[in-house]
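Examination of the molecular architecture
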Amino acid sequence: MPVVTILPGDIEIEVASGETLAQAAWRQDYQWPTTCWGEMACMVCACVVRDGEAAAEPASALEEGCIAERMPRFRQLPGTRLACQLRVIGDGLVVEKEGVRPPVCSA
Ligand code: FES
């Protein structure tokens, strides 16, 4: 199962076949910012690929269009992807995303 490293916290998340990065995080109880839960409406899930781009499926035209039309220009950095659309096909992907938190421990 591919593992994705999330900066700046060096969090490692396993992504199952067919899952998106955000789906994998949510399934494993990580907090990954969202308000639409994968409907490509909020853009809050966006992350930036920092390394290992070959381990990610390329963005679809729909994803690229949503980023271009709905995200403020200053947030459209090279390598910007929607985590709710980003499918992982191998190891070595490193993305940067503020606000990702590990599962909360229950007492
Ligand atoms: S979760 Fe809202 S656009 Fe990705």
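So, here's what we can say about the structure. Everything numeric in this text was worked out from a predicted model, so none of it was measured.

Another point: the sheet that holds strand β4 (residues 80-82). Read across the sheet, 5 strands follow the order β2-β1-β5-β3-β4 without closing on themselves; strand pairing throughout is mixed. Strand pairing shows two members of the sheet lacking a second neighbour, β2 (11-14) and β4, which therefore form its edges. For this sheet, the mean inter-axis angle between neighbouring strands, taken without regard to orientation, is 40°. As paired elements, strand β1 (residues 3-7) and β2 share 4 bridges and run antiparallel to each other. Across the sheet, V3 pairs through a bridge with E14, a residue of β2.

V4, L21, A22, A25, C45, A83 and V88 are the most contacted members of the largest nonpolar core, which has 23 residues in total. Looking at this core, the elements with two or more residues in it are β1, α1 (21-27) and β3 (46-51). The element contributing the most residues to this core is α1, with 4 residues. If sequence neighbours within four positions are ignored, A25 has contacts with I13, Y30, W32 and V100.

How each quantity is defined
Residues numbered from 1 in each chain as written. Predicted model: local features only at pLDDT ≥ 70, side-chain atom pairs only at ≥ 80, totals over all residues. Pairing = 2+ DSSP bridges. Helix = DSSP H or I, 4+ residues; strand = E, 2+ residues; numbered from the N terminus. Axes fitted to C-alpha atoms, helices over the stretch in contact; angles between N-to-C directions. Core = buried A, V, L, I, M, F, W, Y, C linked by C-beta atoms within 7 Å. Buried ≥ 20, exposed ≤ 12 C-beta atoms within 10 Å, placed from the backbone. Contact = placed C-beta atoms within 7 Å.

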